[in-house]
Number of protein chains: 2
Amino acid sequence: MSQTVDRALSILPLLAQGPADLGQVADRLGVHKSTALRLLRTLHEHGLVYRQQDQRYRLGARLFALAQEAVENLDVREIAHPHLAALNDRTGHTVHLAVHEDGEVLYIDKVESRYPVRMYSRIGKPVALTVAAVAKLLLADLPEPERRALAVKLDYPRYTPRSTPDAAAFLQELATVREQGWATDLGGHEESINCVAAPIRGADGRVVAAMSVSAPNVVVTAEELLALLPQVRRTAEAISHDYSGTTPPKETEVSVDE
Amino acid sequence: MSQTVDRALSILPLLAQGPADLGQVADRLGVHKSTALRLLRTLHEHGLVYRQQDQRYRLGARLFALAQEAVENLDVREIAHPHLAALNDRTGHTVHLAVHEDGEVLYIDKVESRYPVRMYSRIGKPVALTVAAVAKLLLADLPEPERRALAVKLDYPRYTPRSTPDAAAFLQELATVREQGWATDLGGHEESINCVAAPIRGADGRVVAAMSVSAPNVVVTAEELLALLPQVRRTAEAISHDYSGTTPPKETEVSVDE
DNA sequence: ATGGACGTTGCAGAGAGCGCAACGACCGAA
DNA sequence: TTCGGTCGTTGCGCTCTCTGCAACGTCCAT
C-alpha cells in the first residue's frame with residue numbers, strides 16, 4: 001500500500017539471507033543506489049539494520065529486542081509455560097507450544113530436557129505445515145472454506161515417505177484431527193521423530209494454540225509416546241482452563257525509554 | 001531520513017509495549033487515522049504486525065523469523081557455540097556470548113544447565129552496559145574518544161550497592177579491564193550473581209565478542225568462580241583462534257521460499 | 001597515473017503519501 | 001426501536017516528500 005515502506009521492509013528478508021552491500025540491495029530492490037541508501041539509513045536509525053566494519057549491512061539488534069518483547073506479550077505462552085514445564089518434568093521429553101498466524105504456524109515456547117544445546121534455535125521458526133502435529137490441530141480448526149483454500153495453496157514436500165503427500169490427504173487428515181481432538185506426527189517430518197499433540201482452546205471453544213510432546217524413536221517407540229496422549233490432553237485442557245478463565249487484569253505499564 | 005518509513009518503523013516499538021488499536025497508533029504517531037491505517041497495512045503485508053480478533057494490532061510472526069535468521073547468520077556465534085557448550089559441560093554454570101552493536105551489548109548465545117526453563121528469554125535482550133562483565137570488555141575495546149563519549153552519555157542505575165556509580169568509575173574500570181584482558185561483575189547487577197568474562201578477538205586483535213560464566217553465590221562463592229578464570233580465558237582464546245583463522249568458505253545457499 | 005567500483009550529496013521534477021470529510025458498521029443508552 | 005457515539009474504512013485533491021540523475025570523493029587494483 002505504501003511504496004516507500006514496502007521497499008524498506010523488503011530489505012529485511014533480503015538481509016536475512018546474509019549481509020549485503022549498498023549496490024546489491026539497490027539491485028535486488030530494483031531502485032537507484034541513492035534510494036536504497038536512504039531506506040537503509042532509516043532502517044539503521046531504528047536499529048533494524050546494522051552496518052558492519054566492511055560497510056555491508058546486516059539485520060540489527062533492535063530486531064531481537066522487538067521479537068523478544070513481542071513473545072513476552074503473548075499471554076497464552078505465559079499461562080501455558082508452567083504447565084509445559086511440569087509435563088516436561090514428568091515425561092522428560094521435549095514440549096512445544098505453537099500458534100497460528102496469517103497462514104503460518106510457529107513455535108512460541110519450548111521446554112527441552114535432553115538437549116539444552118541450541119535449544120532456542122527453533123522458537124519463532126515457522127513449522128512444516130503439512131506434517132507437524134501442532135499445525136494439523138491449528139489448521140483443522142479453521143473455517144472449512146479457509147482450510148480448503150489453504151490446503152490447495154500449500155506445497156507438500158516429501159520430507160519422508162510418511163509425509164502428507166497432497167491436499168486431499170491433508171484435508172482428510174485435518175478432518176480426522178478435528179474430530180478426535182488430538183494429532184500426531186509419526187516420522188512425517190524427520191524419519192526418527194515422533195510427536196503427539198493436543199489443542200488449547202479459548203473461552204469460545206476456538207483453538208488458540210497447540211502443544212506437543214516429541215521424542216526420537218531411539219528413546220521411546222511411537223507406541224510408548226502415544227501412551228502419553230492422556231497426559232498431553234490433560235495438560236492442554238488445564239492450560240485451556242487457565243486461559244479461558246477470567247483473563248487476569250493485566251496492567252500495561254508504559255516504561256520510560258529514551 | 002525518510003518520513004514515511006520512519007513513521008512506519010516507529011509503530012513497532014510502540015506495539016512492543018502491547019497491542020493497540022488504530023486510533024491509539026494514530027494518536028501516538030501524531031498522524032491521521034487514515035495514514036496510520038496505510039502504514040499498518042503495509043507492515044501487515046510484510047508480516048511484521050498481526051491483527052488479532054479484536055482488530056487490535058500486535059507485533060507479527062515474521063519478526064521472529066527474521067530475528068531467528070539474523071542470529072543464525074552470525075558466524076561468531078556459530079564458531080563459538082561448541083566451545084561454550086564444552087565449558088558449560090565442565091563447569092556446569094551458565095555461559096553467555098555477547099556482541100556490541102550501535103551502543104548496545106546483547107547476548108547472542110547462552111548455554112545453561114541448571115534452569116532450562118525460560119532459557120531463551122534473555123537471548124537478544126540488551127545487557128546492562130555499566131555493570132555486565134561482557135559489556136565492560138566490549139566497550140573497553142572502543143577507541144578512547146568513543147569510549148569517553150559513551151561513558152558520559154550513559155545512565156548509571158544503582159542495581160545494587162556494587163553497581164558502577166558514575167562515568168568516572170566506569171572509565172576507570174574499563175581501563176583496568178582493557179589492561180588485564182578480562183572482566184568481572186561481582187553482584188553489580190543482581191546482588192547474588194557473580195560473573196567472569198573474557199574477550200574474543202578477530203584477526204586484527206579487535207574484540208569482536210565476549211563470553212562469560214555466571215553463577216549465583218549460593219552455588220559457588222565469588223572466589224570459586226574466579227578460580228575458573230583460566231578456563232574461561234582459555235576457551236575465549238580457543239574461540240578467537242578458530243574465528244581469526246581462515247574463515248571457512250561458507251556457502252550461502254539460497255533456499256526456495258514461497 | 002588511470003580506470004573502475006563504491007558510497008555519498010544536492011537538486012529539480014513528479015509521483016506518492018497526506019489529511020480531510022463522509023460513509024457504514026457496531027454498540028449501548030434512552 | 002431510535003439515536004448518538006465510536007471505530008475502521010474509502011476516495012479525493014493538494015502538496016510535500018521521495019525518487020532518480022549526475023557529479024564528486026575515496027579507495028583499490030591495474
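Each remark here, short or long, concerns the structure printed above.
Heads up: these notes are all about the structure in this document. The shown structure was predicted, so the numbers you read here are calculated from the model rather than taken from an experiment.

Rules used in this analysis
Residues numbered from 1 in each chain as written. Chains lettered and ligands numbered in written order. Predicted model: local features only at pLDDT ≥ 70, side-chain atom pairs only at ≥ 80, totals over all residues. Heavy atoms only, no water. Helix = DSSP H or I, 4+ residues; strand = E, 2+ residues; numbered from the N terminus. Buried < 20%, exposed > 50% of the residue type's maximum accessible area, 1.4 Å probe, protein only. Lys, Arg positive; Asp, Glu negative; His and termini not counted. Salt bridge = Lys/Arg side-chain N within 4 Å of Asp/Glu carboxyl O. Contact = heavy atoms within 4.5 Å. Buried area = accessible area lost by both parts, 1.4 Å probe. Polar contact = N/O pair within 3.5 Å; in protein donor to acceptor, adjacent residues only side chain to side chain. Nonpolar A, V, L, I, M, F, W, Y, C, P; charged D, E, K, R; others polar. Pairing = 2+ DSSP bridges. Axes fitted to C-alpha atoms, helices over the stretch in contact; angles between N-to-C directions. Parallel < 35°, antiparallel > 145°, perpendicular 65-115°, else oblique. Phe/Tyr/Trp six-rings, centres within 6.5 Å; stacked < 30°, edge-to-face > 60°. Least-squares fit on C-alpha atoms with pLDDT ≥ 70 in both. Near = heavy atom within 4 Å.

**What to know about the side chain of Arg147 of chain A**
Residues and elements named next belong to chain A. Looking at the secondary structure, you find Arg147 in helix H7 (residues 144–153). For the buried Arg147, no salt bridge is present, and the opposite-charge side chain at shortest range is Glu144, 5.4 Å distant. In this structure, Arg147 is in contact with Leu139, Ala140, Leu142, Leu171, Leu174 and Arg178, ignoring residues within four places of it in sequence.

**A closer look at the interface of chain B and chain A**
One frequent convention defines the size of an interface as the accessible area lost when the parts assemble. Chain B puts 65 residues into the contact, and the matching count from chain A is 67 residues. Taken together, both faces of the contact between chain B and chain A bury some 5900 Å²; the carbon and sulfur share is 62%. Scanning the region where chain B abuts chain A turns up 4 salt bridges. Here Arg58 of chain A ties to Glu101 of chain B by a salt bridge, and the two come within 3.3 Å at their closest N and O atoms. Here chain B is connected to chain A by 9 residue pairs in polar contact (both at pLDDT 80 or more). Elements with a contribution of two residues or more to the side of chain B that touches chain A: helix H1 (3–16), helix H3 (33–45), strand S2 (57–59), helix H4 (61–72), helix H5 (75–91), strand S3 (94–101) and strand S4 (104–111) of chain B. Top element by residues in the side of chain B that touches chain A is H4 of chain B. It accounts for 12 residues. Of the residues belonging to the side of chain B that touches chain A, the class tally is 32 nonpolar, 16 polar and 17 charged.

**Topic: the sheet that holds strand S4 (residues 104–111) of chain A**
Residue and element names in this part refer to chain A. Reading across the sheet, the 5 strands line up as S4-S3-S7-S6-S5 and stay open at both edges, with antiparallel pairing between neighbours. The open sheet terminates on both sides in strands that have one partner only, identified here as S4 and strand S5 (183–186). Ignoring which end each strand starts from, the neighbouring axes of this sheet average 25° apart. Sheet analysis places strand S6 (residues 193–201) next to strand S7 (residues 207–216), joined by 9 bridges and oriented antiparallel. Bridging from a neighbouring strand, Ala197 pairs with Ser212 of S7. Along the sheet, helix H6 (residues 133–140) makes contact with strand S3 (94–101), S4, S5, S6 and S7, crossing S7 at roughly 160°.

**Topic: the packing of helix H1 (residues 3–16) of chain A against helix H3 (residues 33–45) of chain A**
Residues and elements named next belong to chain A. Axis separation between H1 and H3 bottoms out at 10 Å; the angle between their running directions is 75°. As judged from the angle between their axes, H1 and H3 are roughly perpendicular. In this structure, H1 contributes Thr4, Arg7, Ala8, Ile11 and Leu12 to the contact, and H3 contributes Thr35, Leu39, Leu40 and Leu43. Split into classes, the residues belonging to the contact of H1 with H3 amount to 6 nonpolar, 2 polar and 1 charged.

**Some thoughts on the packing of aromatic side chains**
Residues and elements named next belong to chain A. Applying the stated criterion across every chain, the model contains 2 aromatic pairs over all chains. Judged by centre distance (5.9 Å) and plane angle (70°), the ring pair of Tyr156 and Phe170 falls under edge-to-face. Here the residue Tyr156 occupies a position in the loop between H7 and helix H8 (167–180), and Phe170 occupies one in helix H8, the gap between them amounting to 14 residues. The exposure class assigned to Tyr156 is buried, which follows from its relative accessible area of 15%.

**Some details on the environment of Asp166 of chain B**
Residue and element names in this part refer to chain B. Position of Asp166 relative to the elements: it lies in the loop between helix H7 (144–153) and helix H8 (167–180). A residue is classified by how much of its surface remains accessible, and Asp166, at 34% relative accessible area, is partly exposed. Each C-alpha atom of the pair Asp166 and Ala151 lies 8.4 Å from the other, and the pair is 15 residues apart in sequence. Of the polar contacts made by the side chain of Asp166, one reaches the backbone nitrogen of Ala169; its length is 2.9 Å.

**Re the pairing of strand S7 (residues 207–216) of chain B**
All names here are of chain B. With 9 of its 10 residues buried, S7 lies for the most part within the structure. Pairing of S3 with S7 involves 5 bridges; the strand directions are antiparallel. Note on S7: the bridge partner recorded for His96 is Ser212. Count of turn residues in the strand S6 (residues 193–201)/S7 antiparallel hairpin: 5 residues, of which Gly205 carries a positive phi of about 90°.

**Remarks on the sheet that holds strand S5 (residues 183–186) of chain B**
Residues and elements named next belong to chain B. The strand order S4-S3-S7-S6-S5 describes an open sheet built from 5 strands, whose pairing is antiparallel. Each of the sheet's edge strands pairs with one partner strand only, and the pair in question is S4 and S5. The sheet shows a mean angle of 25° between the axes of neighbouring strands, direction not considered.

**Brief notes about the relation of the copies chain B and chain A**
Put simply, the two copies of the chain differ by a rotation about an axis and a shift along that axis. At an RMSD of 0.1 Å, chain B and chain A line up after a rotation of 179° and a shift of 0.0 Å along the axis. In short, the pair behaves as if placed about a two-fold rotation axis. Most of the interface of chain B is mirrored in chain A, where 100% of its interface residues again form contacts.

**Focus on the protein's contact with DNA strand C**
Not every one of the 20 residues close to DNA strand C is listed here, only the nearest: Gln3, Thr4 and Arg41 of chain A together with Thr35 and Arg38 of chain B. Per the 4 Å cut-off to the protein, sugar and phosphate atoms form 69% of the nearby atoms of DNA strand C. Backbone polar atom of Thr4 of chain A to a phosphate oxygen of DNA strand C: 2.9 Å apart, as the coordinates give it. A distance of 3.1 Å separates a phosphate oxygen of DNA strand C from a polar backbone atom of Leu22 of chain A. The set of elements that each furnish at least two residues to the surface near DNA strand C consists of H1, helix H2 (22–29) and H3 of chain A together with H1 and H3 of chain B.

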